[in-house]
Structure formats: structure tokens, C-alpha cells
Amino acid sequence: MDFIISIIPLVVAWILDLLLGDPVCLPHPVVWFGKAISGLEHLFNKGTNRKIKGATVALFLIVGVFAVTWLLLRLLSSVWWLDIAVQSVLVFYCLAGTTLIREVRMTFIAVDESLESGRRQVGRIVGRDTSGLTAQEIRTAALETLAENLSDGVIAPLFWYAVLGVPGMMAYKMINTLDSMIGYRNSRYKDFGCVAARIDDVANYIPARLTAFLMIVVSGRLSLLRFVRKYGSQHLSPNSGYPEAALAGILDGRFGGPHDYFGESIDKPFIGEHHRDFTTHDAAKAICVNRRVEILAILLTVIVRWSILLLSRTAEYS
């Protein structure tokens, strides 16, 4: 029964994500996380010792989410069906594969209709200024985001679910939300958010590299491992470059280059050498890779959870 309870929520949540994506009409824990982060940031991001204050806030929220989730599931453990239902909902909220895939598809459709439509659509999924992007820059930005999201929105949550269960998955979601809100190097957040950003780097270190490896495995081109080793570390982020490099290699294209972040130009290193125009066929191929990686990751997560349960049972009886 313990094994079933630990596996059913994962499978149910993944199926729900495939069918529903991220329904905007439902309350979402990330919205609550965001409100908590915003409130504490406005309260403490002032005066002196901002780095210490930011670190304290980040650790308080991460540990708090883990503890509250663990306690909730502990209280529900005696009612197996309620336990499964709550876990399924929480895992569903932590997976974010389908929504981004839909947005990328819509971006390629929109940019084929008009440049302005493509700019508006890609602006929904990237954090840069899209007003001056060319059609190919729009397609490239969408594919880069698709690769990054496979790591941040699917593989990393599954990794922490495999290691620490639903509480670990929820804690990772808080880490990711902290980084997306205060993990910037501008004047406002460079001190207050630096620890949150470093925690996110650590939390994504293994998942990012695992994502790239799984992408190469499902593509059947193990020779790309050398390509990923060469270009993965050249990204400004210590993690994002690995899934991006894997997708660039699979598509035989190039990512990176100069980006405009609302008046500030950032010259990102190029990932890959073959500059070419991306097409709708490339988007379909990238999405297919994403889906195959998701399936493989779900299977691996089930195996890991089963192994952990067996080891814990063995330790109890030894």
C-alpha cells in the first residue's frame, strides 16, 4: 500500500498535466508563494544587512513549505484515499510541462501570421524585451525557453520528488519561485536575493545536467554528449546552458547571442556553431523530445521511489 500511495499521485498528476496544463481558473500554490515572497521582501528589503535578511527569508519560506507539506501529509496518512488525492493535486501543481509546450506551439503559429503577433505571444514566456525581435529571434527564444522549462518545470520537480517526496517537490517550487522573483543582480535584489539565487543554482545543478542527458538519450544521438560538455558551461547561468545545449545539438542549430532586457543589452555566449533559421518542424521535434523525456523521467522516478521504499523497509527489519 505504501508503494501504491507513493506512485499513484505521480501518475495521476502527470496525466492531469497532460490533459489540463496549468488551469488559470484554479487557485495555485505558486500564487500564494509569490504573495508571501512579495510581502516579506517589502518588509525586510530595506536598510542594512540585506543579504542576511534575504537569506533568512529564503530559508524560512523553503523550510516552512517543506514542514507544512510534510505535516499535512502526515495528518492525512491514516486516510489513504484522501492522502492520495491531496498528493495528486500538489504534484499536479508542481509539474509545468504542458502549458509551456502549448505556449511554444502558439508562438510559432503566431509568428507565422504576423511579426507583432509573434512578439506578443513570446512575451508571455520570456523575460526579455520582445518589441524588437525578428521572426527568427522569436522562434529561437521560444525554443530556448522550452529547453529551460523542461528542466525547471518537469525534471527538477520530479528529481526532488524522487529524493524527498511531495514535501521536497513543494520546497523546490518555492525555491524556483524565489529565484524568479528576487534572484536578480540589479540594485534592488543583488543583496537581498543573492542567497535565494544561489540556492536555486544548487537545487537545479543535478536536474539541469540530467535533463540534458535524458534529451540526448531519447534523441538516440549519444555523440552529442561532447557537444553539451563544450557548450553547456558557456551559458551565463550555471545550469540553463545544459538543456539549451542539448536542444541546440539535437536541432543542429544555435542559441544565445545578444539579448535586450528592457534597455539593458546582455551579450550571451552562443550555444552551438551552426546558425540557421528554425522552423515549425523544429518546434514539433523539440516538443516530441520534451514529451519523451517526461515519460522516461516519470519511469525513472517510479523506480527511484520504489528503491527508496525497499531500502527503508530493509533498514527497518535489519
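Refer to the structure printed above.
Here the structure is a predicted model, which is why all the values come from computation and not from measurement.

About the thresholds
- Residues numbered from 1 in each chain as written.
- Predicted model: local features only at pLDDT ≥ 70, side-chain atom pairs only at ≥ 80, totals over all residues.
- Heavy atoms only, no water.
- Helix = DSSP H or I, 4+ residues; strand = E, 2+ residues; numbered from the N terminus.
- Rg over C-alpha atoms; globule rule 2.2 N^0.38 Å.
- Buried < 20%, exposed > 50% of the residue type's maximum accessible area, 1.4 Å probe, protein only.
- Contact = heavy atoms within 4.5 Å.
- Salt bridge = Lys/Arg side-chain N within 4 Å of Asp/Glu carboxyl O.
- Patch = residues over 30% accessible without salt bridge, like charges linked within 9 Å, V, L, I, M, F, W, Y side chains within 5 Å.
- Areas by Shrake-Rupley, 256 points an atom, 1.4 Å probe, with all protein chains shown as cover.
- Expected span 1.5 Å × (residues − 1).
- Phe/Tyr/Trp six-rings, centres within 6.5 Å; stacked < 30°, edge-to-face > 60°.
- Lys NZ or Arg CZ within 6 Å of the ring centre and 35° of its normal.
- Axes fitted to C-alpha atoms, helices over the stretch in contact; angles between N-to-C directions.
- Parallel < 35°, antiparallel > 145°, perpendicular 65-115°, else oblique.
- Left-handed = near helix turned anticlockwise from the far one by under 90°.

Asker: Teacher, can you tell me more about the overall build of the protein chain here?
Answerer: A tally of regular secondary structure across the protein chain gives 11 helices and 2 strands. Going residue by residue from the N terminus, the α and β elements of the protein chain occur as α-α-α-α-α-α-α-α-α-α-β-β-α. The C-alpha radius of gyration computed for the protein chain amounts to 20 Å, which stays within 12% of the reference 20 Å derived for 318 residues, consistent with globular compactness. A buried classification covers 49% of the 318 residues belonging to the protein chain. For the protein chain, the share of sequence-separated contacts (at least 6 apart) that also reach a separation of at least 24 residues comes to 71%.

Asker: Just to check I follow, could you spell out helix α6 (residues 115–122) for this structure?
Answerer: Note: α-helices contain 3.6 residues per turn, so residues at a spacing of three or four share the same orientation. Taken together, the buried positions of α6 are S117, G118, R119, Q121 and V122. The inward-facing, buried residues of α6 contact α5 (98–113) and α7 (135–182).

Asker: I would appreciate a short explanation of the environment of L300 in the present structure.
Answerer: Mapped onto the fold, L300 is located in helix α11 (residues 280–317). A relative accessible area of 35% places L300 in the partly exposed class. Considered as a pair, L300 and V111 are 189 residues apart in the sequence and their alpha carbons are 36 Å apart.

Asker: Whenever I open this one, the pattern of salt bridges confuses me. Can you help?
Answerer: Oppositely charged side chains can form a pair if their charged atoms are brought close together. Per the stated rule, a full pass over the model turns up 8 salt bridges. Across the pair E41 and R188 runs a salt bridge, and its minimum N-O distance is 2.8 Å. Taken together, the residues span a long stretch of sequence, with E41 in helix α2 (residues 29–44) and R188 in the loop between α7 and α8 (194–219) at a distance of 147 residues. E41 sits in the buried class, given a relative accessible area of 4%. For R188, a relative accessible area of 39% translates into the label partly exposed. Here E103 and R124 are joined by a salt bridge, their closest N and O atoms 2.7 Å apart.

Asker: Explain a nonpolar patch on the surface here, please?
Answerer: Residues V11, I15, L19 and L20 make up a contiguous nonpolar surface patch of about 340 Å² in total accessible area. Position of V11 among the secondary structure elements: in helix α1 (residues 2–20).

Asker: Hey, could you run me through helix α3 (residues 50–76) in this one?
Answerer: Taking 1.5 Å as the rise per residue, α3 with 27 residues should run 39 Å; its terminal C-alpha atoms sit 39 Å apart, in good agreement. Contact partners of the buried residues in α3: α2, α4 (80–94), α7 and α8.

Asker: Hey, could you run me through the packing of aromatic side chains in this one?
Answerer: Describing an aromatic ring pair means giving the distance of the ring centres and the angle of the ring planes. A complete count under the given rule lists 5 aromatic pairs for this structure. With 5.0 Å between their ring centres and 90° between their planes, F159 and W160 make a pair best called edge-to-face. Both rings, one in F255 and one in F278, keep their centres 5.5 Å apart while their planes meet at 40°; by these two values the pair is tilted. In this pair, F255 sits in strand β1 (residues 255–261) while F278 sits in the loop between β2 (264–271) and α11, placing the two residues 23 residues apart along the sequence. A single burial state applies to F255 and to F278, both of which are buried. The aromatic ring of Y205 is capped on one face by R209, whose charged end is 3.6 Å from the ring centroid.

Asker: Just checking my understanding: could you explain the packing of helix α10 (residues 241–251) against α11 for this structure?
Answerer: Axes are the key here: two packed helices are described by the angle between their axes and the distance separating the axes. Taken N-terminus to C-terminus, the directions of α10 and α11 make an angle of 130°; their axes are 11 Å apart at the nearest point. In terms of orientation, α10 and α11 fall into the oblique class. Every pair of crossing elements has a handedness; the one defined by α10 and α11 is right-handed. Here L247, I250 and L251 of α10 come into contact with α11, specifically with D282, K285, A286 and V289.

Asker: I'm lost on unusual backbone geometry in this one. Help?
Answerer: Most peptide bonds adopt trans geometry, and most residues besides glycine take a negative phi value. The phi angle at N49 is positive, at roughly 55°, despite the residue not being glycine. Following the sequence through the fold, N49 ends up in the loop between α2 and α3. Residue N49 is classed as exposed on the basis of its relative accessible area of 52%. Although it is not a glycine, D252 adopts a positive phi angle of roughly 55°. Take D252: it is sitting in the loop between α10 and β1.

Asker: Looking at this structure, I do not really get the environment of I308. What am I missing?
Answerer: In this structure, I308 sits in helix α11. A relative accessible area of 34% means that I308 is categorised as partly exposed. Between the C-alpha atoms of I308 and V163, which are 145 residues apart in sequence, the distance is 8.4 Å.

Bear in mind that shape data such as this cannot, by itself, settle questions of function.
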